[in-house]
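Breakdown of the fold
So you can see what is in the structure, the chains are spelled out below.
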Amino acid sequence: MDISVTETPAPTTRSLTLRGRFDAHEAPAFRDALDAAMDNGHHDLAVVLTDVEFVDSTALAELVRGMKRCREAGGDLALVSPSDPVRVILELTKLDAAFTIR
Amino acid sequence: MTESNLAKYRHWASTPLTTKPKYSVVIPAYNEEFRIVPTIGAIASHMCTLDEPWELIVADDGSTDTTVDLVSELDLVNLTLLIADQNGGKGKAVRRGIFASQGEIVLFADADQSTPIEQFGDLLAKVNEGFDVVVGSRAGADADVANKSMSRKIFSFGLQTIVKTLFRIPVADTQCGFKMFTAEAAELLFARQLVDEFSFDLEVLYLARRFGLQTAEVPVTWIDAPGSKVDAAKVAVEFLRDLAVIRTNDLRGRYDADNHVRPTHSSEIAGEGRQAA
């Protein structure tokens, strides 16, 4: 999986764009990228999932962890344009109701 | 999700099929509470884009975790959950799923999505060419294998060598959990299948050669999913034992007739229980 971090005009916001399969093998890299953004004061994160083919339970747990950390800091973690399979997986796990999806 | 594909998925999820399915996807599941729901989601979203009627069958294998509860709560009307009271082996779970399937073409796929469902079409193309059995393969030059441990690589190489030289099975990778059958081939093979454990794949391919079925191998992408239940050393011993069992079964004529009459009643299909989730 590829992770790219993009700066945005708002100072507290960052965009993390993921590509490929997001599973337990890739979760540590995502956690590092998310924690780095948070530690630098970016509490509003947009995780772009357009090109993610699959998320497993570990990946979902990482997204939930990131969302909680952002919200505790007064921000949010939004999922942006999830791919077809990711959208269905979010619905089946009922996590679509927990996340901001745009 | 594109609106058209989302609509297709929602229709499949909520509207029972009114025609016989063209495709059946069977997932054997033993204690898969951490993996089964994302796998179902990935399979459902992809299969619904094919614009053909299809059904999903989860063949529980006596799970002691929450697998059965999770699947039954999904509320997908074209998903059938087969519940087993006790663990009987992956081969038995797949057989129950195959027997319950109604599709013209049947795929069985492991619950960990280690071979992405997007490769369904690659196997289907071979069936459409006239092959009876099409096997996803991690052995070909075009296969894309990721995160496979050294022990599993050595294990796979050893098995391939034995299978090729002693059993003359024209398949380099007998164990990949992504195999497609025509309904006729599936019924012929699984009605005779006797091995319920890990080596059932080998037995099925042995029988395919014995009965003159056309078998093709298609290179696939394969990702060694975290939490794999395969203990390479233990499985190697069982595999060698089962090689002898399969050969003995054949010499004794145990493959000459059906060993499992295809059930006609839902309770018999499930073995111990059946539930439409």
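Residues numbered from 1 in each chain as written. Chains lettered and ligands numbered in written order. Predicted model: local features only at pLDDT ≥ 70, side-chain atom pairs only at ≥ 80, totals over all residues. Heavy atoms only, no water.

Okay, the overall build of chain A next. Scanning chain A from terminus to terminus reveals three helices and five strands. Listing the helices and strands of chain A from first to last along the sequence gives β-β-α-β-α-β-α-β. Whereas a compact globule of 102 residues would reach a radius of gyration of roughly 13 Å, chain A reaches 12 Å, a difference of no more than 12%. When contacts within chain A are restricted to residue pairs at least 6 apart in sequence, long-range pairs at least 24 apart make up 67% of them. If you average the places of the 11 positive and of the 17 negative side-chain charges in chain A, the two averages end up 5 Å apart. (Helix = DSSP H or I, 4+ residues; strand = E, 2+ residues; numbered from the N terminus. Rg over C-alpha atoms; globule rule 2.2 N^0.38 Å. Contact = heavy atoms within 4.5 Å. Lys, Arg positive; Asp, Glu negative; His and termini not counted. Charge placed at Lys NZ, Arg CZ, Asp CG, Glu CD.)

Residues and elements named next belong to chain B. Here F157 lies in helix 6 (residues 150–166). You can call F157 exposed: its relative accessible area is 59%. Sequence-wise, F157 and K179 are 22 residues apart; in three dimensions their C-alpha atoms are separated by 19 Å. (Buried < 20%, exposed > 50% of the residue type's maximum accessible area, 1.4 Å probe, protein only.)

Residues and elements named next belong to chain A. Where strand 2 (residues 13–22) and strand 3 (residues 44–55) come together, nine bridges link them in parallel fashion. When the sheet's bridge partners are listed, T17 is paired in strand 3 with V48. Across five bridges, strand 3 lies against strand 4 (residues 76–80) in parallel orientation. Considered in strand 4, the bridge of V48 is made with V80. (Pairing = 2+ DSSP bridges.)

Here the focus is the packing of helix 1 (residues 27–39) of chain A against helix 2 (residues 57–72) of chain A. Residues and elements named next belong to chain A. Closest axis-to-axis distance for the helix 1/helix 2 pair is 10 Å, and the angle between their directions is 10°. In this view, helix 1 runs roughly parallel relative to helix 2, as classed from their interaxial angle. Of the residues in helix 2, those in contact with A27, F30, R31, L34, D35, M38 and D39 of helix 1 are T58, E62, L63, R65, G66, R69 and C70. Classifying every residue of the contact of helix 1 with helix 2 gives six nonpolar, two polar and six charged. (Axes fitted to C-alpha atoms, helices over the stretch in contact; angles between N-to-C directions. Parallel < 35°, antiparallel > 145°, perpendicular 65-115°, else oblique. Nonpolar A, V, L, I, M, F, W, Y, C, P; charged D, E, K, R; others polar.)

Taken residue by residue, the interface counts 18 residues in chain A and 26 residues in chain B. Taken over both partners, the interface formed by chain A and chain B buries close to 1600 Å², and the fraction arising from carbon and sulfur atoms is 62%. In terms of surface lost to chain B, no three residues of chain A exceed R21, D84 and L92 of chain A, which account for 35% of the buried area on that side. The residue R10 of chain B makes a salt bridge to E91 of chain A at a minimum N-O spacing of 2.9 Å. (Buried area = accessible area lost by both parts, 1.4 Å probe. Salt bridge = Lys/Arg side-chain N within 4 Å of Asp/Glu carboxyl O.)

Another aspect to go through is helix 4 (residues 90–100) of chain B. For helix 4 of chain B, the buried fraction is high: nine of the 11 residues fall into the buried class. Those residues of helix 4 of chain B that fall on the buried side of the exposure criterion are G91, A93, V94, R95, R96, G97, I98, F99 and A100 of chain B.

With that settled, the discussion passes to the nonpolar core. All names here are of chain B. One finds I40 and W54 to be the most contacted residues of the largest nonpolar core, which totals 43 residues. Examining the composition of this core, we find that six residues originate from one element, helix 2 (residues 36–47), more than from any other. Setting aside its immediate chain neighbours within four residues, W54 contacts W12, L17, P21, Y23, V25, I43, A44, M47, C48 and N78. Judged by nonpolar contacts, the second largest core, of 39 residues, contains I98, V106, I169 and L189. (Core = buried A, V, L, I, M, F, W, Y, C linked by side-chain atoms within 4.5 Å.)

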